[in-house]
Amino acid sequence: MSITSLLQQTSLLPEHYRTLSTTEMESRILAIKKKLGKKLFIPGHHYQKDEVIQFADATGDSLQLAQISAANIEAEHIVFCGVHFMAETADMLTTEKQHVYLPDMRAGCSMADMADIYQTEQAWPILQQLFGNTILPLTYVNSTAAIKAFTGRHGGACVTSSNAKEMVTWAFSQKQRILFLPDQHLGRNTAFDLGVPLESMAVWNPHTNTLETDQSPENIKVILWKGHCSVHEGFTVQHTAKVRQTYPNMRIIVHPECSREVVAAADDAGSTKYILDTINNAPSGSAWAIGTEMNLVNRIIQQHPDKHIISLNENFCPCLTMNRIDLPHLLWSLESIDQGKPHNRIQVDASTAEEARSSLERMLSRS
């Protein structure tokens, strides 16, 4: 399993940080960034608030940011503005001289938490009994280090939303079946696009240790873990229908973490990078409804005043766990580093990291 440092792991934000003005916090953050210089690196995930993103040295998706952190060998302190599994990946890819911190340890990911390593270890022998040695496990990078290690240990690999089709194709060249963790929607959408019929997919329910399907085992090609992104599952076909009715000429683009029904009802679907590239390359005056996290959609809207852009669900909330990273927590993290008393360091134990890296490396060698 993955292990984070127990040192001050449960530290809570000192109350006085909550009383500081935005101007004072921004000034103090800038001062520390200037003082620490290249020894400090702040990666910021696309879903972060603008108040945090303004201080990011790089923005991007989780794996991209972990790779950029690893390449930045001058950085001794990496303050990862994202969620727990992202900081874990950064820790596994960086050197021992580089320390990774999460400003708020409560910044988790509900999807990653839906694939618990203990449940996965319980499921594997049952699935082996049902299907024999015909299954290769794949995990979305939005998973814990322990789940990445599980796939590495069993010859599987990680996938991203950008390379999922390539990795699923590779997996089918290795075994007859795949187990896709932890997001059932990305797994289903990817397999469907590759020609696997929906009736050849089954959902594994980790709470009941049962396979949810009316098909016989020999007909099943894809086993989908019963997990999802709470943000992207919030978009529905009713939202697509409303956009069609209100804005007949508007194109709908969604993330493949949305349900199969929503992806089918949209005009296009793809990773965050794909969505960004599509909007960036769209002609001036074009109209778009975007089905992904609200902070990112709002940022896209601000960056493209020449286009009519809305959220597919305009009443939707941002990712709540991602939004735990805010100015007070960022300042607290930076000042603790500057004072030589850092907290909330993310450390993955050596054996877990080794197996998880093998899963990541199988992906990186093919994408």
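Every chain's residues receive numbers from 1 upward, in the order its sequence appears when written. Thresholds applied to this predicted model are a pLDDT of at least 70 for local features of residues and 80 or more for the giving and counting of side-chain atom pairs; totals over whole chains, interfaces and linings are not thresholded and use all residues. Side-chain calculation: all heavy atoms of the structure are included, whereas hydrogens and water are not.

Identification of the protein chain as Quinolinate synthase from Lysinibacillus sphaericus is taken from an unreviewed UniProt entry. UniProt positions are given in the numbering used here, feature names are shortened, and annotations may be inferred rather than shown by experiment. Regarding the protein chain, the UniProt comment filed under Function (unreviewed entry) reads as follows: "Catalyzes the condensation of iminoaspartate with dihydroxyacetone phosphate to form quinolinate." One UniProt comment on the protein chain, placed under Pathway (unreviewed entry), says "Cofactor biosynthesis; NAD(+) biosynthesis; quinolinate from iminoaspartate: step 1/1."

Another aspect to go through is the nonpolar core. Residues grouped as a nonpolar core are buried Ala, Val, Leu, Ile, Met, Phe, Trp, Tyr and Cys residues, joined through side-chain atoms within 4.5 Å. A 1.4 Å probe rolled over the protein chains alone gives each residue an accessible area, and that area as a share of the maximum for its type sets the label: buried under 20%, exposed over 50%, partly exposed in between. Counting 87 residues, the largest nonpolar core has Val 79, Leu 138, Phe 180, Ile 290, Ile 300, Leu 330 and Leu 334 as the members making the most contacts within it. Discounting chain neighbours no more than four positions away, the residues touching Val 79 are Leu 40, Phe 41, Ile 42, Pro 43, Tyr 101, Pro 103, Leu 330, Ser 333, Leu 334 and Ile 337. Ala 115, Trp 124, Leu 127 and Ile 135 belong to the second largest nonpolar core, which has 18 residues in total. Contacts: residue pairs with any heavy atoms within 4.5 Å of one another.

What follows is about the environment of Ile 78. Structurally, Ile 78 is set in strand β4 (residues 77–79). Expressed as a C-alpha distance, the spacing of Ile 78 and Asp 306, which sit 228 residues apart in the sequence, is 36 Å. Setting aside chain neighbours within four positions, we find Ile 78 in contact with Phe 41, Pro 43, Ser 69, Thr 94, Gln 98, His 99, Val 100 and Tyr 101. Put simply, DSSP marks the helices as runs of H or I at least four residues long and the strands as runs of E at least two long, and each gets a number from the N terminus on.

What marks off one domain from the next here is an automatic or database domain assignment. Assigned domains of the protein chain: these are domain 1 (3–108 + 322–347), domain 2 (112–229) and domain 3 (232–311). For domain 2 and domain 3, the distance between their C-alpha centroids amounts to 27 Å. In this assembly, 14 residues from domain 2 lie in contact with 11 residues from domain 3. Note on definitions: buried area is the accessible-area loss of two parts on being combined, 1.4 Å probe, summed for both. Approximately 1100 Å² of surface area, both sides summed, lies buried where domain 2 meets domain 3, with 48% of it carried by carbon and sulfur atoms. Contact with domain 3 buries area across many residues of domain 2, yet His 185, Asn 189 and Cys 229 alone supply 48% of it, more than any other trio. Within this document, salt bridges are pairs made up of a side-chain nitrogen of Lys or Arg and a carboxyl oxygen of Asp or Glu, the two lying within 4 Å of each other. Taken together, the connections running from domain 2 to domain 3 amount to zero salt bridges. Among the elements that take part in the side of domain 2 that touches domain 3, helix α9 (residues 184–193) stands out by supplying six residues, more than any other. Residues are sorted three ways: Asp, Glu, Lys and Arg are charged, Ala, Val, Leu, Ile, Met, Phe, Trp, Tyr, Cys and Pro are nonpolar, and all the rest, Gly among them, are polar. A breakdown of the residues in the side of domain 2 that touches domain 3 according to their chemical character gives five nonpolar, six polar and three charged.

Moving on to the pattern of salt bridges. Two side chains that carry opposite charge are able to pair once their charged atoms sit near each other. Applying the stated rule across the entire model yields 13 salt bridges. Of the charged contacts in the structure, one is a salt bridge between Arg 18 and Glu 15, with a shortest N-O distance of 3.7 Å. Given a relative accessible area of 47%, Arg 18 falls into the partly exposed group. Across the pair Glu 212 and Lys 226 runs a salt bridge, and its minimum N-O distance is 3.1 Å. Of this pair, Glu 212 sits in strand β10 (residues 210–212) while Lys 226 is found in the loop between β11 (222–225) and α10 (237–246), placing the two residues 14 residues apart along the sequence. For Glu 212, a relative accessible area of 34% translates into the label partly exposed. The class of Lys 226 is partly exposed, set by a relative accessible area of 35%. In the salt-bridge network here, residues are joined through shared partners; they are Glu 24, Arg 28 and Glu 335.

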